[in-house]
Amino acid sequence: MLVLEWIGFGVLFLLAASAVLFIRRAVIAGAGTIRLSLRVSTLLVGRGWSPGFGRFVGEELRCYRIFSFAIRPKRVLSRRGLVVERRRSPEGQERFSMPADWVILRCLSHQAPVEIAMAKSTVTGFMSWLEAAPPGAVSSFQSPGSSPSPPPA
């Protein structure tokens, strides 16, 4: 009888954890969300991607992990000072961890470089969001070999 009670508690715990994950996603996700993967570690080539979703909130893109109980975002990217340095297709191991039609954007920000992967159709909206920055913000795309231009005086 004791074994059945422990099994029952285990099943109840798994159901509760699953419910919390789904409720968290429903509360955080809403209008202005996109599917993306955020590279959280660069120790191994092609590895370190965390699937999630991003939510546009004013001047910020808040990146949340899908498989996390945290209510706070994993990373917050401010539109001011965010520059897309390079755009590329998934290579090597990355092709196994994300859909084929996704694009990887290497972005520079005030905090640190960050890599974001998203669908090609989503990149258009992301770039529009960057370009809609208020006057004086850094441009949204940096051509290879050039440095970001200083804001106008």
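Residues numbered from 1 in each chain as written. Predicted model: local features only at pLDDT ≥ 70, side-chain atom pairs only at ≥ 80, totals over all residues. Heavy atoms only, no water.

Engineer: Requested: an account of the packing of aromatic side chains, with residues and values cited.
Structural biologist: Remark: the centre distance and the inter-plane angle together describe each pair of aromatic rings, the angle taken between the planes. Enumeration over the complete set of coordinates arrives at four aromatic pairs. Between the aromatic rings of Phe56 and Trp129, the centroid separation amounts to 5.0 Å while the plane-to-plane angle is 50°, which identifies the pairing as tilted. Taken as a pair, Phe56 in strand S2 (residues 49–57) and Trp129 in helix H3 (residues 120–131) lie far apart in primary sequence, 73 residues in all. The exposure class assigned to Phe56 is partly exposed, which follows from its relative accessible area of 23%. By the ring-pair criterion, three or more aromatic residues cluster together here, those being Phe56, Phe126 and Trp129. (Phe/Tyr/Trp six-rings, centres within 6.5 Å; stacked < 30°, edge-to-face > 60°. Helix = DSSP H or I, 4+ residues; strand = E, 2+ residues; numbered from the N terminus. Buried < 20%, exposed > 50% of the residue type's maximum accessible area, 1.4 Å probe, protein only.)

Engineer: Lay out the environment of Val20 with the relevant residues and their values.
Structural biologist: Topologically, Val20 is positioned in helix H1 (residues 2–28). Classification of Val20 as partly exposed rests on a relative accessible area of 44%. Sequence separation of Val20 and Ser68 is 48 residues, and the distance between their C-alpha atoms is 9.8 Å.

Engineer: If you had to explain empty space enclosed by the protein to someone new, which residues and values would you point to?
Structural biologist: Under the criterion given, the structure shown has one cavity of 30 Å³ or more. Computed from the structure, the largest cavity encloses a volume of approximately 40 Å³. Taken together, Leu36, Leu38, Val40, Ser50, Cys63, Tyr64, Arg65 and Lys74 make up the full set of residues lining the largest cavity. Those elements giving two or more residues to the lining of the largest cavity turn out to be strand S1 (33–39) and strand S3 (60–65). Here the lining of the largest cavity gets three residues from one element, more than from any other, and that element is S3. (1 Å grid on protein atoms, 1.4 Å probe; cavity = no way out; pocket = protein on both sides within 12 Å on 5 of 7 lines; lining within 4 Å. Points joined across faces, edges and corners; volume = space filled by probe spheres on them.)

Engineer: If you had to explain the nonpolar core to someone new, which residues and values would you point to?
Structural biologist: What tends to happen in soluble globular proteins is that the nonpolar side chains get buried as a cluster. Judged by nonpolar contacts, the single largest core of 19 residues is most densely connected at Leu105, Cys107, Ile116, Met118 and Phe126. When residues no more than four places from it in sequence are discounted, the contact partners of Leu105 are Val84, Arg86, Arg87, Val114, Glu115, Ile116, Met118, Val123 and Phe126. Met98, Trp102, Ile104 and Ala119 belong to the second largest nonpolar core, which has six residues in total. (Core = buried A, V, L, I, M, F, W, Y, C linked by side-chain atoms within 4.5 Å. Contact = heavy atoms within 4.5 Å.)

Engineer: How would you summarise the sheet that holds strand S6 (residues 102–108) if you had to cite specific residues and measurements?
Structural biologist: If you trace the seven strands from one edge of the open sheet to the other, you get S4-S3-S2-S1-S7-S6-S5, paired in antiparallel fashion. On the outer flanks of this sheet lie strand S4 (75–78) and strand S5 (83–88), each paired with one strand and no other. The mean inter-strand angle of the sheet, taken between neighbouring strand axes irrespective of direction, is 35°. Here S3 runs beside S4; their pairing, made up of four bridges, is antiparallel. By the bridge assignment, Arg62 is partnered in S4 with Val76. Where H3 meets the sheet, its contacts fall on S1, S2, S3, S4, S5, S6 and strand S7 (114–119), and the angle it forms with S7 comes to roughly 125°. (Pairing = 2+ DSSP bridges. Axes fitted to C-alpha atoms, helices over the stretch in contact; angles between N-to-C directions.)

Engineer: An account of the pattern of salt bridges is needed here, citing residue identities and associated values.
Structural biologist: Note on pairing: side chains with opposite charge can pair once their charged atoms come close. In the structure shown here, the tally under the stated rule is eight salt bridges. A salt bridge links Arg39 to Glu94; the nearest nitrogen and oxygen atoms lie 3.9 Å apart. With Arg39 in strand S1 and Glu94 in helix H2 (residues 94–97), this pair connects stretches of sequence that are 55 residues apart. Taken individually, Arg39 and Glu94 each receive the classification buried, so the pair is uniform in this respect. Residue Glu59 pairs with Arg79 through a salt bridge whose shortest N-O separation is 2.7 Å. Of the two residues, Glu59 is situated in the loop between S2 and S3 and Arg79 in the loop between S4 and S5; the sequence distance between them amounts to 20 residues. With relative accessibility at 33%, the residue Glu59 sits in the partly exposed group. Taking the relative accessible area as the measure of exposure, Arg79 reaches 8% and is therefore buried. Several salt bridges converge on common partners, so that one network encompasses Arg39, Arg88, Glu91, Glu94 and Glu115. (Salt bridge = Lys/Arg side-chain N within 4 Å of Asp/Glu carboxyl O.)

The quantities given are spatial measurements derived from coordinates; they are silent on function.
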